[in-house]
Amino acid sequence: MNPQAKLIFTISLLLGTTITISSNHWIMAWAGLEINTLAILPLISKSHHPRSIEAATKYFITQATASALVLFSSMTNAWYTGQWDITQLTHPTSCLILTSALAMKLGLVPFHFWFPEVLQGSQLTTGLLLSTVMKLPPVSLLFMTSHSLNPTLLTCMAILSTALGGWMGLNQTQIRKILAFSSISHLGWMTIIISYNPKLTLLNFYLYMLMTTAVFLTLNTIKASKLPTLTTTWTKSPALNAMLLLTLLSLAGLPPLTGFLPKWLIIQELTKQGMTTAAVSISLLSLLGLFFYLRLAYCSTITLPPHTTNHIKQWHTNKPTHSSIALLTTMSTALLPISPLITTII
């Protein structure tokens, strides 16, 4: 892709995200979402492979439908209450439509079908944008309207997302699809707590962005997209693969790594709110996700899986790891000791 075109699309992505996050009016938020969608489409389809074109088409249809629902929800609310302010969403029908629209934007169950397919058809760098930056505007809208949305509906969607994200990722061999189902599972954790403590949702999202960025950049460096490929990369950069192991375990939420912090705080808050059943359910369902993270970690660092196929080992490289990957992987594994500072900030 032409560097000037790539620069324009990247600036448009940042502009759309900033407009949505900083807006108070529904029309401005909708315009930001549309700019975002139109800017990411060329980046998804830039390889000109049929799978990429298919992914871009699926993404466009889904996001256009979700944006239309956002507009319809805000117009319904304005019709009944005369308010276009995002925080003044009070009409029950508008709240229900908005919940569906944002679930479709984010890829929450039952509107999750597009996300694994789109991520599989994209390159790793575009997949990183889809998993992190593109989720920031819908999460910010969810944050601003959290007091108006139905907590029971959100809890049901969250538990289903965690269950399905863990269950569907078990038999995958494509790393991008595994990371897509991982994203759906993490979104369940963010959604279940947003009605009770929205700041915890933001903390979970920021830490998820941090860990996912570290994983995607590491996979992009070692050029791995399938599990069989991942089994041969330990010869290329052993230190980077060792850090990938820790980052994956952190993404799974194992103590004493960074990913344990949001899960710990969310379970604590759910227990305070008297939602012990929901806390136990979502904790047990996250064990499904732990299985495929351990599978990824096993394939990347510990040993080769038992099979008879001869794989070509990659050459060891002395090229130094990029400083951004080093910083991100360190933060993805070592932030738990400063959790008291993080909790005072939020």
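How each quantity is defined
Sequence positions are assigned chain by chain, starting from 1 and proceeding in written order. Whole-chain, interface and lining totals are the exception, using all residues; otherwise, since this is a predicted model, local features are given only for residues with pLDDT of at least 70 and side-chain atom pairs are given and counted only at 80 or more. Heavy atoms from the whole structure form the basis of all side-chain values; hydrogens and water molecules are not counted. By nonpolar core we mean a set of buried residues, namely Ala, Val, Leu, Ile, Met, Phe, Trp, Tyr and Cys, connected to one another through side-chain atoms within 4.5 Å. With a 1.4 Å probe rolled over the protein chains alone, any residue whose accessible area is under 20% of its type maximum counts as buried; one over 50% counts as exposed, and the rest are partly exposed. Here a helix means four or more residues in a row that DSSP labels H or I, a strand means two or more in a row labelled E, and each is numbered from the N terminus. The start and end points of each domain follow an automatic or database-based domain assignment. Every residue pair with non-hydrogen atoms within 4.5 Å of one another is taken to be in contact. As used here, buried area is the combined drop in accessible area, with a 1.4 Å probe, of two parts when they are placed together. A pairing counts as a salt bridge when a side-chain nitrogen of Lys or Arg comes within 4 Å of a carboxyl oxygen of Asp or Glu. UniProt positions are given in the numbering used here, feature names are shortened, and annotations may be inferred rather than shown by experiment.

Participant: Can you help me understand the nonpolar core in this one?
Facilitator: Taken as a class, soluble globular proteins show a tendency for nonpolar side chains to be buried jointly. Among the nonpolar cores identified, the biggest contains 92 residues, and Tyr59, Leu130, Leu219 and Leu230 are the most heavily contacted of them. The element contributing the most residues to this core is helix H10 (residues 198-222), with 14 residues. Counting contributing residues per domain, this core is built from domain 1 (1-128) and domain 2 (150-345), each supplying no fewer than three. Ignoring anything within four residues of it in the chain, the contact list for Leu230 reads Ile175, Leu219, Ile222, Ala224, Leu244, Leu296, Cys299 and Ser300.

Participant: Help me out: how do you make sense of the domain arrangement of the protein in this one?
Facilitator: Quite often, the size of an interface is put as the accessible area lost when its parts meet. In terms of domain boundaries, the protein breaks down into domain 1 (1-128) and domain 2 (150-345). Of note, the centres of domain 1 and domain 2, computed from C-alpha atoms alone, are 24 Å apart. In this assembly, 20 residues from domain 1 lie in contact with 24 residues from domain 2. Across the interface of domain 1 and domain 2, roughly 1900 Å² is buried in total on both sides, 77% from carbon and sulfur atoms. When the buried surface of domain 1 facing domain 2 is broken down by residue, Val109, Gln120 and Leu124 rank first, second and third, together holding 34% of it. Between the two partners, domain 1 and domain 2, sit one salt bridge. Lys177 is the partner of Glu117 in a salt bridge, and the nearest nitrogen-oxygen pair spans 3.4 Å.

Participant: Where do I start with the UniProt feature "domain: NADH:quinone oxidoreductase/Mrp antiporter transmembrane" (unreviewed entry) in the protein in this structure?
Facilitator: Mapped onto the present numbering, the UniProt feature "domain: NADH:quinone oxidoreductase/Mrp antiporter transmembrane" (unreviewed entry) falls on residues 23-288. Secondary structure across residues 23-288 comprises 74% helix and 0% strand; the distance between its end C-alpha atoms is 38 Å.

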